[in-house]
Structure formats: structure tokens, C-alpha cells
Amino acid sequence: HNRITDRGLEALAHSLHMTELRRLSLSGHQSISSAGLRALANSRHLRALEDLNLGGCDVGDEGVEALASSRSIARLRRLSLFNNPLTPRALEVIAREPLFADLEYLRLPDHTYASEQGVRALLESEHLGGWIKRHVRDMVCRVGDLLELD
């Protein structure tokens, strides 16, 4: 079973064959670090990317920050980060960065909804849309109603 590594992501990022790519699923590739995500996020060949699945890639806060620094993936509409070791810091990055303003779908690890700091950042975001905020509220209730949200 082959795994994509940072080196593979760098090769993808430089490939002219990626210019029309709209959906990329890297789910389960745990050999990806923030350096690989930074190369991918800054690729001028991925400007059409709308859907990015990073579920189970062992992406941490630094990986989210690498994505957030991108100006190349401005068309991103769907982002899946489930099954990753994210902390409230990653949710704060998502909440404050304009890159994520047009997200129509955001899937986060269940454990992140138990963090009042991260959840509040998402709900109070000036950039995130109503669907994302409704989804966050629903997930907080599903995970255990650990927070008292107004």
C-alpha cells in the first residue's frame, strides 16, 4: 500500500496536470506534514481546488496554519479534517482566516467540539457562514452538550 509523503505532495504541487483538479482526497496518508501541506497550498497549479479531504492524515495545528497561509486555494469550498489531532488553536485559525470564508462544508474531529475556546472562535467568526456555525452548534450538542452556548 503506497503512502503519499511530503515529497509526493511537492511533486503534485508542481505538476501541470493539476491545473483543473477540483477535488483531492489524501485521507489516511499519515506521512504528510505541515511542510507538505504548505507546498500543496502554495501551488499555483491548484487554483481550481474546491474540495480537500485530509481526514486521518495526522494533520495538526501547523498543517491548518500552512493551509491558512495559502492564497492559491482561494476556491476551497469543502474541507475535511476529521480524525486529526487538532487543538483549539487550529479552530481559531479557521475562524479568523478569510481563506476559509467561502467554506460550505467543514468536517472537524469530534474531540474539537468539546473545546469551549475553539467552538467560541468558530461561532464568533466574522468569516464563516451560517451553515458552518449551525453545524458547530449541532456537533456540540451531539458530542455531549459540554458547552453552554447562547
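Structure shown above.
Residues numbered from 1 in each chain as written. Predicted model: local features only at pLDDT ≥ 70, side-chain atom pairs only at ≥ 80, totals over all residues. Heavy atoms only, no water.

A.B. asks: Is there a simple way to explain the pattern of salt bridges in this structure?
C.D. replies: Evaluated as defined, the whole model comprises 6 salt bridges. For Arg 89, the salt bridge identified is with Glu 65, shortest N-O distance 3.0 Å. With a gap of 24 residues between them, Arg 89 in helix α4 (residues 88-96) and Glu 65 in helix α3 (residues 61-68) connect regions that are remote in the sequence. Taking the relative accessible area as the measure of exposure, Arg 89 reaches 38% and is therefore partly exposed. Take Glu 65: its relative accessible area is 30%, and that puts it in the partly exposed class. Put simply, Glu 116 and Arg 120 hold a salt bridge, and the shortest N to O gap is 3.1 Å. (Salt bridge = Lys/Arg side-chain N within 4 Å of Asp/Glu carboxyl O. Helix = DSSP H or I, 4+ residues; strand = E, 2+ residues; numbered from the N terminus. Buried < 20%, exposed > 50% of the residue type's maximum accessible area, 1.4 Å probe, protein only.)

A.B. asks: I tried to follow the sheet that holds strand β1 (residues 23-25) on my own but got confused; where do I start?
C.D. replies: Sheets are built from strands paired through backbone hydrogen bonds, the pairs being either parallel or antiparallel. The sheet built from 4 strands is open, its strands ordered β1-β2-β3-β4 with parallel pairing. Each edge of the open sheet carries a strand with a single partner, namely β1 and β4 (105-107). The average angle at which neighbouring strand axes cross in this sheet is 0°, direction not considered. When strand β2 (residues 51-53) meets strand β3 (residues 78-80), the two strands line up parallel, connected through 3 bridges. From the neighbouring strand, Leu 52 faces β3, where its bridge partner is Leu 79. (Pairing = 2+ DSSP bridges. Axes fitted to C-alpha atoms, helices over the stretch in contact; angles between N-to-C directions.)

A.B. asks: How should the environment of Ser 27 be read in this particular structure?
C.D. replies: The topology assignment puts Ser 27 in the loop between β1 and α2 (34-41). Separated by 29 residues in sequence, Ser 27 and Gly 56 have C-alpha atoms that sit 5.6 Å apart. The residues touching Ser 27, leaving out its near neighbours within four places in the chain, are Asn 53, Gly 55, Cys 57 and Phe 82. A distance of 3.1 Å separates a polar side-chain atom of Ser 27 from the backbone oxygen of Gly 55. (Contact = heavy atoms within 4.5 Å. Polar contact = N/O pair within 3.5 Å; in protein donor to acceptor, adjacent residues only side chain to side chain.)

A.B. asks: Hey, could you run me through the packing of aromatic side chains in this one?
C.D. replies: A ring pair, where both rings are aromatic, is described by two values, the distance of the centres and the angle of the planes. Evaluation of the coordinates by the stated rule reveals 1 aromatic pair. Sitting above the plane of the Tyr 105 ring, Arg 78 keeps its charged end 4.1 Å from the centroid. Sitting above the plane of the Phe 82 ring, Arg 107 keeps its charged end 4.1 Å from the centroid. (Phe/Tyr/Trp six-rings, centres within 6.5 Å; stacked < 30°, edge-to-face > 60°. Lys NZ or Arg CZ within 6 Å of the ring centre and 35° of its normal.)

Everything listed here is a matter of geometry and, on its own, says nothing about what the molecule does.
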